[in-house]
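# Architecture at a glance
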Amino acid sequence: MIWFTEYQTKNTGLTVKVRESKSFQSEYQEILLLDTYEYGKMLVLDGAVQTCERDEFIYHEMLAHPALLFHSSPERVLVIGGGDGGTVREVLKHSSVKEVNLCEIDRMVIEVSKEYLPSISSKLSDERVKIFVEDGNRFLDERKGYYDVILLDLSDPVGPAEALFKRNFYQKVEQALREGGIMAAQTESPFLQEEYFRTAVKEIRAVFKNSKTYLAFIPTYPAGMWSFTIASDSVDFSDIKDTNISRLNTKYLSDTILSSLFVLPKFVSDMIEE
Ligand code: SAM
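These figures come from a predicted structure and were not determined experimentally.

The rules behind these values
Residues numbered from 1 in each chain as written. Predicted model: local features only at pLDDT ≥ 70, side-chain atom pairs only at ≥ 80, totals over all residues. Heavy atoms only, no water. Helix = DSSP H or I, 4+ residues; strand = E, 2+ residues; numbered from the N terminus. Contact = heavy atoms within 4.5 Å. Buried < 20%, exposed > 50% of the residue type's maximum accessible area, 1.4 Å probe, protein only. Pairing = 2+ DSSP bridges. Near = heavy atom within 4 Å. Polar contact = N/O pair within 3.5 Å; in protein donor to acceptor, adjacent residues only side chain to side chain. Nonpolar A, V, L, I, M, F, W, Y, C, P; charged D, E, K, R; others polar. Domains from an automatic or database assignment. Axes fitted to C-alpha atoms, helices over the stretch in contact; angles between N-to-C directions. Core = buried A, V, L, I, M, F, W, Y, C linked by side-chain atoms within 4.5 Å. Buried area = accessible area lost by both parts, 1.4 Å probe.

## Some points on the environment of D135
Along the chain, the position of D135 falls in the loop between β8 (129–133) and α5 (136–139). Distance in space between the C-alpha atoms of D135 and K98 is 23 Å, their sequence separation being 37 residues. Sequence-distant contacts of D135, defined by excluding residues within four places in its chain, comprise C103, I105 and L164.

## With respect to the pairing of strand β5 (residues 48–52)
Burial runs high along β5: five of the five residues are buried. Bridge count between strand β4 (residues 40–45) and β5: four bridges; the pairing is antiparallel. Across the sheet, L43 pairs through a bridge with T51, a residue of β5.

## What about the site of the ligand?
Close to the ligand lie 24 residues, the nearest being Q29, E104, D135, G136 and Y221. In this structure, an oxygen atom belonging to the ligand sits 2.9 Å away from a side-chain N or O atom of Q29. The separation between a nitrogen atom of the ligand and a polar main-chain atom of P160 is 2.9 Å. Across the shell around the ligand, the residue classes break down as eleven nonpolar, seven polar and six charged. Here the shell around the ligand gathers at least three residues from each of two domains, domain 1 (2–52) and domain 2 (56–273).

## Describing the sheet that holds strand β2 (residues 15–25)
Taken together, five strands build an open sheet; the order of strands is β1-β2-β3-β4-β5 and the sheet is antiparallel. Only two strands of the sheet have a single partner each, and these edge strands are β1 (2–5) and β5. Neighbour to neighbour, the strand axes of the sheet diverge by 40° on average, direction disregarded. With six bridges joining them, strand β3 (residues 30–36) and β4 adopt antiparallel strand pairing. Counterpart to L33 in the pairing with β4 is L43.

## Here's the deal with the nonpolar core
The biggest cluster of nonpolar side chains holds 40 residues, and the ones touching the most others in it are L151 and F228. Of all the secondary-structure elements, those providing two or more residues to this core are α1 (56–70), β6 (76–81), α2 (86–91), β7 (99–104), β9 (147–153), β10 (177–186), β11 (210–217) and β12 (225–232). The dominant element in this core, judged by the number of residues it contributes, is α1, at ten residues. Core analysis: the next-biggest nonpolar cluster, separate from the first, contains 25 residues, Y170, V173, I204 and A231 among them.

## As for the pairing of β6
Within β6, five of the six residues are buried, leaving the element largely enclosed by the surrounding structure. Sheet topology places β6 next to β7; five bridges connect them, and they run parallel. Considered in β7, the bridge of I80 is made with C103. Sheet analysis places β6 next to β9, joined by five bridges and oriented parallel. Within β9, the residue paired with V77 across the bridge is V149.

## Comments concerning the environment of Y221
The topology assignment puts Y221 in the loop between β11 and β12. A relative accessible area of 8% places Y221 in the buried class. Note: C-alpha distance between Y221 and S211 (ten residues apart in sequence) is 23 Å. Here the side chain of Y221 touches Q50 through a polar contact of 2.4 Å, landing on its backbone oxygen.

## Examining the domain arrangement of the protein chain
As far as domains go, the protein chain holds domain 1 (2–52) and domain 2 (56–273). On a C-alpha basis, the centres of domain 1 and domain 2 stand 22 Å from each other. Taken together, the contact between domain 1 and domain 2 spans 22 residues of the former and 22 residues of the latter. When domain 1 packs against domain 2, the two sides together hide about 1,900 Å² of surface, and 69% of this comes from carbon and sulfur.

In C-alpha cells:
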C-alpha cells in the first residue's frame, strides 16, 4: 500500500492512498501523476497538488466563469499557467469566445495532462486555442490592450510562478486588457496560506480600480478553502452581465452562488480590509 503526502505546504499536507505513481522531471519542476483511490488521477508539481479528476470542476468553474459572466461579451481570453487545460475547457463553454491563448511555462505539464488527464485537457486541441510555451511574465511584455479576460491559473508563489504574484506583473496584466477587460486569479488559501493570500489581494488592489475576492470549497487544496480575486478598471462587479448560466453545464457554480459570490466569512474579510 502506498500513501503520498504533499510536501510543499507548510506543517501540514493532504495524504492520499495511491494505486500507482509516475514521476517526470521537467526543466522547471518535479511532476507526479498519481492514480489515487479517492480522487482519481492527480497532478502534483514540486510536492503541491495542482488538480485531480474528482474535484477539478470546482476550481476550473470558479476561476473561469465569474470573470466571463461579468464581461458583456468576452471574445479574446488569455490563460496564464493552467497547462492541465481545465480552465481552457470552461472558457470554451462561452459562445462569444473566439480566441483562447494559453501561456504555460512547462511543456511537460501540457504533455502529461494530455496523456493522463484527458477529461481535463481534451479542449486544448480546440481550433480556437493557441498554446504558447513561455514564461507568462515575459509573454505579457509584448501584449498591450488585447484581451477581454485574463485568467491567472498559477501554481503557488514559489518557483516559476513567484514573480507572477507581484505588483509589477499585475500591472502588465492590466495593460494587456482592452477596454472593459477583467482579470481573475487564484489567490491561495486564506486559512493555511494567509500571507500568500493577503499579499496577492493587496497587490491586485494596488493596481486595479475595482477588485473583489470570493471563495470556493476545494477538498484537495490546503484546508479545503480556496480564494479567487477578480479585478478590473472599468467593471465594478455590482451587476452580472450574462445571467444565463444553465447553458454552461456547471456542477458547482449556480445562480445562488453567483448572487452571493462576494460574501466572505468575517475572518477572511478582516484579513484583506485596508
Ligand atoms: N489549479 C492549480 C493551483 O491552484 O495550484 C494551478 C494549476 S496549473 C497546473 C499551474 C501551472 O502554472 C503549472 O503547470 C505551472 O507550470 C504554471 N506556471 C508556473 N509559473 C509559470 C509562469 N511563470 N508562466 C507560465 N506558467 C507558469
